[in-house]
Amino acid sequence: MAKTTKSDNPAKTTGDPTVNSAGPFDVIVIGAGPGGYVCAIRCAQLGMKVACVEREAQLGGTCLRVGCIPSKALLTASEHYHQATSELAAFGVTCGKVSLDLKTMMAHKDKVVSDNTAGVSFLFKKNKVTHLAGTGKITAPGTVDVNGKAYKAKHIVIATGSDSADVAGVKVDEKTIVSSTGALALTKVPKTMAVIGGGYIGLEMASIWSRLGAVVTVIEFAERILPGLDKELATTAARAFKKQKIAFKVGHKVTKAKRGTVTIEPVAGGKALELAAEVILVAVGRRPHTAGLGLETVGVKTDSHGFIVTDARFASTVEGIYAIGDVTTGPMLAHKAEEEGVALAECLAGQVAEVDHDIIPAVVYTEPEIAAVGQTEQALQEAGVAYKVGKFPFSANGRARASRQIDGFAKILADEKTDQILGVHIVGAHAGTMIAEAALAMAFAATAQDIALTCHAHPTLNEALKEAALAVAGHPLHI
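None of the values given here were measured: they were computed from a predicted structure. (Residues numbered from 1 in each chain as written. Predicted model: local features only at pLDDT ≥ 70, side-chain atom pairs only at ≥ 80, totals over all residues. Heavy atoms only, no water.)

*Asks:* Let's hear about the packing of aromatic side chains: which residues, and what values?
*Replies:* Under the counting rule described, the total for this entry stands at two aromatic pairs. Ring centres of Phe25 and Tyr151 lie 6.5 Å apart, and the angle between their planes is 45°; this geometry places the pair in the tilted category. Here Phe25 is found in strand E2 (residues 25–30), whereas its partner Tyr151 is found in strand E7 (residues 149–158), with 126 residues between them in sequence. Taking the relative accessible area as the measure of exposure, Phe25 reaches 3% and is therefore buried. Here Phe241 and Phe248 contribute two aromatic rings whose centre-to-centre distance is 6.4 Å and whose plane-to-plane angle is 35°, an arrangement assigned as tilted. Taking the relative accessible area as the measure of exposure, Phe248 reaches 17% and is therefore buried. Here the guanidinium or amino end of Lys49 rests over the ring plane of Phe25, the centre of that ring lying 5.8 Å away. (Phe/Tyr/Trp six-rings, centres within 6.5 Å; stacked < 30°, edge-to-face > 60°. Helix = DSSP H or I, 4+ residues; strand = E, 2+ residues; numbered from the N terminus. Buried < 20%, exposed > 50% of the residue type's maximum accessible area, 1.4 Å probe, protein only. Lys NZ or Arg CZ within 6 Å of the ring centre and 35° of its normal.)

This is how it looks when you write it as structure tokens:
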């Protein structure tokens, strides 16, 4: 979360509507994803003359074009389809014969994307941000080449995001062996699908195509899905996914993939197994996109994993060059990049700003949703931190029962002595929305008792969080 204080120079706190697109610029941002475009807009709002370089035809980066936004459009649409075919009858709603029109569903997804990317273009015009269409390359400190033309700037911000990571021996063709980009553009529902990777991207894609009729198997190298999240959270989610007929092969690695089949074998050793897969999705994470930026030429240092090395104020090892978002270490999340973009802009304007990377929520938009912020139980145990646990099941929440969404729980981890909240983990309906309350509480160093003493409207799902807070002290009201 960005924390700021006002600048000592009030002249830099308002935008100048008279700026034009001629250089030199105060700031050039390379990349118009969530981190880049937000950084550019905030810099402009603070009175700086700003340009943003983007090589793709649409603004918005991976998130808006081929990631967060289109995947959520298809997740929502596929959930509606599943409800119509399998769930609405229990509410007394009879739909008759339900059919899938995938072409219309994809058109809905495409319109959502175009509306969002057009929105970024509008915001650039509104805030007088110059859009430089093309591929940006840093040729010297203070100089960015865009399609052969040099532009000068006092500050350069690298916000080029990330690319899908590869699996050895698996060649993506975006037809039968696809990345998440290809999985969002299939023209028919495959009969069988193998998803390589049990993280949030793989699980969301598995959910979409399973709901639409594909037989899906998720292959995960680790011994459980969602290895970075709280173990209890992941275990509960896995049970829910299995009820949805998604199969799992955890503790397995892919040794070969070709059109129609994927070969896997246990990580610990054992017999290889061949799975039928009309479509194979590679979803094993992402890697920073820094190729072609000229980092070596100007001396910007990267670590062993290719991330740009930065300090607490996002400065690289070269003066005047900064980096935010997926090209730096930390969770590869759009909202993390946005927070960093805002904080950096305010630092460049002479303000004091920082991002608390320990309070960045993570959400998996499956059904049920999965959300977390702060420390897991496993991390606290490894660090030797004494903590208390408060947990409350959705099955005891009135609103969840009314909605027939009783899978899951809310869990709060608090310091044993101070009661300060150390982590919150939710699996259940609308967990992604509920986690915001927890993040806000942690940003203000709240205790579990602070949430417990806060009046929550009834009946709401958020009451599960209040009850979990009461459970930390040993006296939940409804279990």
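Having put the structure on the table, let's press on.
*Asks:* Tell me about the sheet that holds strand E12 (residues 247–250), and name the residues and values.
*Replies:* With respect to topology, five strands assemble into an open sheet ordered E9-E16-E10-E11-E12, the strand pairing being parallel. At either margin of the open sheet sits one strand with a lone partner, and together these are strand E9 (177–178) and E12. Where strand E10 (residues 192–196) lies against strand E11 (residues 215–220), five bridges are found, and the strand directions are parallel. Counted as the bridge partner of Val195 is Val218 from E11. (Pairing = 2+ DSSP bridges.)

*Asks:* Which residues make up the sheet that holds strand E23 (residues 409–415), and what are the values?
*Replies:* One open sheet accounts for five strands, arranged E20-E21-E24-E23-E22; its pairing is antiparallel. The open sheet is flanked by strand E20 (362–364) and strand E22 (387–393), the only strands paired with a single partner. When the angles between neighbouring strand axes are averaged without regard to direction, this sheet yields 10°. Where E22 lies against E23, seven bridges are found, and the strand directions are antiparallel. If you follow Tyr387 over to E23, its bridge partner there is Asp415. (Axes fitted to C-alpha atoms, helices over the stretch in contact; angles between N-to-C directions.)

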